[in-house]
Amino acid sequence: EAGVAQSPRYKIIEKRQSVAFWCNPISGHATLYWYQQILGQGPKLLIQFQNNGVVDDSQLPKDRFSAERLKGVDSTLKIQPAKLEDSAVYLCASSSRQGGKFSGEKLFFGSGTQLSVL
Amino acid sequence: AQTVTQSQPEMSVQEAETVTLSCTYDTSESDYYLFWYKQPPSRQMILVIRQEAYKQQNATENRFSVNFQKAAKSFSLKISDSQLGDAAMYFCAYRAAGNNRKLIWGLGTSLAVNP
């Protein structure tokens, strides 16, 4: 089966510019996650979608970050305006979870977008 | 608050040897899951092994096995017959079984495999 697709693979921008990342999850996966991974750290959840609804965006800096998942399939994450501290790898993941109590289902990750803010 | 601690920032092992990566966690939950993920230079996180807290038997996946000590809140990963392709960052992660619970990640251990 095709994996989680992300683009672009790399992005370099200057601070205060805007940037967008795209993710296409595995076909049929209802749950989609965006993570931010700063160098030397584990991933930090930014937002979780269940189909096209937001389940958790408690750690999303909503003054500059936005995300959408129209039609419950692919998703875009946007940063506007970017700050130096946004330099990180942005990982998208999906799972087949349909909702309800977590039961250990596997997350499938894409290869991420490495963002450098200069 | 739940936390995951990986006390070894870097480890190395000779090819074909065995290495153990440590992970401890803190939680007051009784129903949860523990994971080891591998992140090679390609950046794609890959699930290595998963353990349900209610299972006493340690999980195994080919050359990978865990030592799950629930009372001690310890979850170490053993890699047997190490291969060059095992070189990567390894992350330990925890997730409670309730609704809307996040994966809690450790800081990772960088594993080098020497030929």
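Residues numbered from 1 in each chain as written. Chains lettered and ligands numbered in written order. Predicted model: local features only at pLDDT ≥ 70, side-chain atom pairs only at ≥ 80, totals over all residues. Heavy atoms only, no water.

### Quick notes on the environment of Ser27(A)
As a reminder of what qualifies: Starting at the N terminus, helices and strands are each numbered in turn, a helix being any DSSP run of H or I of at least four residues and a strand any DSSP run of E of at least two.
Inspection of the secondary structure puts Ser27(A) in the loop between strand E3 (19-24) and strand E4 (31-37). Along the primary structure Ser27(A) and Val4(A) are separated by 23 residues, whereas in three dimensions their C-alpha atoms are 8.8 Å apart.

### Focus on the nonpolar core
We count it as follows: The definition of a nonpolar core used throughout is a set of buried Ala, Val, Leu, Ile, Met, Phe, Trp, Tyr and Cys residues joined through side-chain atoms within 4.5 Å. Under the scheme applied here, a residue whose accessible area is under 20% of the maximum for its type counts as buried, over 50% as exposed, and between as partly exposed, the area being computed with a 1.4 Å probe on protein chains only. Contacts: residue pairs with any heavy atoms within 4.5 Å of one another.
Formed by 26 residues in total, the largest nonpolar core has its most connected members in Tyr25(B), Trp36(B), Phe75(B), Leu77(B) and Tyr90(B). Going through the elements one at a time, strand E3 (19-21), strand E5 (32-39), strand E6 (46-52), strand E8 (64-69), strand E9 (74-79), strand E10 (88-96) and strand E12 (109-114) of chain B are the ones with two or more residues in this core. Top element by residues in this core is E10(B). It accounts for five residues. Leave out the neighbours within four places in its chain, and Tyr90(B) touches Gln6(B), Leu21(B), Trp36(B), Tyr37(B), Lys38(B), Val48(B), Phe64(B), Leu77(B), Ile79(B), Gly108(B), Thr109(B) and Leu111(B). Of all hydrophobic cores here, the second largest spans 21 residues; its members include Trp34(A), Phe49(A), Ala82(A) and Leu115(A).

### Quick notes on the sheet that holds strand E1 (residues 5-7) of chain A
All names here are of chain A. Here is the rule: One bridge is not enough; two strands pair if DSSP finds at least two bridges between them. Simply put, an axis is a line fit to the C-alpha atoms, just over the touching stretch for a helix, and the angle between two N-to-C directions goes from 0 to 180 degrees.
The four strands are arranged E1-E3-E8-E7 in an open sheet whose pairing can be described as antiparallel. Since the sheet does not close on itself, it has two edges, and those belong to E1 and strand E7 (65-68), each with one partner. Neighbouring strand axes in the sheet, compared pairwise and without regard to direction, differ in orientation by 15° on average. Sheet topology note: the E3/strand E8 (residues 75-79) ladder contains five bridges and is antiparallel. The residue bridging Trp 22 from the neighbouring strand is Thr 76, located in E8.

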